[in-house]
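# Architecture and fold: a report
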Amino acid sequence: MASARQGQVRTHIDAPPGAVWALLANLERMGEWSPECYHVQWLDGASSPATPGARFQGRNRFGWMRWSMTCQVTNAEPGRELAFSTIQRGRELVRWRYRFEPVGGGTDLTESFQVIWLPFTARFAEDVLMRDRDRRREEAMRTTLSRIKNLAENARAAADRP
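All figures in this text were calculated on a predicted structure; none of them were measured in a lab.

Parameters and conventions
Residues numbered from 1 in each chain as written. Predicted model: local features only at pLDDT ≥ 70, side-chain atom pairs only at ≥ 80, totals over all residues. Heavy atoms only, no water. Core = buried A, V, L, I, M, F, W, Y, C linked by side-chain atoms within 4.5 Å. Buried < 20%, exposed > 50% of the residue type's maximum accessible area, 1.4 Å probe, protein only. Helix = DSSP H or I, 4+ residues; strand = E, 2+ residues; numbered from the N terminus. Contact = heavy atoms within 4.5 Å. Pairing = 2+ DSSP bridges. Axes fitted to C-alpha atoms, helices over the stretch in contact; angles between N-to-C directions.

## Focus on the nonpolar core
By size, the foremost hydrophobic cluster in this structure holds 34 residues, and its most contacted members are Val20, Phe56, Leu82, Tyr98, Phe100, Leu109 and Ile148. Per-element accounting of this core gives the leading share, five residues, to strand β6 (residues 91-103). Residue contacts for phenylalanine 100: discarding those within four places in its chain leaves Pro17, Val20, Trp21, Leu24, Gly79, Arg80, Glu81, Leu82, Thr107, Asp108 and Leu109.

Written out as structure tokens, the structure reads:
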């Protein structure tokens, strides 16, 4: 993880990319995985990331702070990539990507983010109020991937049982 403005984490999951994709594409479950994003709600009649342009609202927390962001799906390739951007007043703020790479019968899942632009209030919050933001964001991303890994591997194990 380079800085509070970009970074990535990766984990290996003993499940095929399609199965991991199916789990992660159910973004309403993000609150089960992410320590920061605790609720996702689709907007404008959307119900999945199947169509780029689908929008959802994510509600987030960091310590005592709470905020919500509107997000727009920018790429949804089953088993390969799920990407979305947070947007505010039509302006892209942060790009989030989940990439799925088949490796040895399983999947290397990478979560990454790139800050494109932040309004002053968000820069102030990240730089002043969210002390130790780099380490805590990386830790939250690792927790998210670990929880997804556990769910995907447990589902695979259950499916493999006679």
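Following the structure, the description resumes.
## Some words on the sheet that holds strand β2 (residues 37-42)
Strand pairing in a sheet takes place through backbone hydrogen bonds and is either antiparallel or parallel in direction. Taken together, the seven strands give an open sheet; going across it, the order is β1-β7-β6-β5-β4-β3-β2, and neighbouring strands pair in antiparallel fashion. Each end of this open sheet is capped by a strand with a single partner; those strands are β1 (6-13) and β2. Averaged over neighbouring strand pairs, the angle between their axes works out to 25° when direction is ignored. Relative to strand β4 (residues 65-77), strand β3 (residues 55-62) is paired through eight bridges, and the arrangement is antiparallel. In the strand pairing of β4, glutamine 57 is matched with threonine 70. In this fold helix α1 (residues 17-24) packs onto β1, β4, β5 (81-88), β6 and β7 (106-115), with an angle of close to 150° to the strand it touches most, β6.

## Section: the pairing of β4
Two successive antiparallel strands, β3 and β4, enclose a turn made up of two residues, where glycine 63 displays a positive phi of approximately 60°. Between β4 and the antiparallel strand that follows it, β5, lie three residues; glycine 79 among them carries a positive phi value of about 75°.

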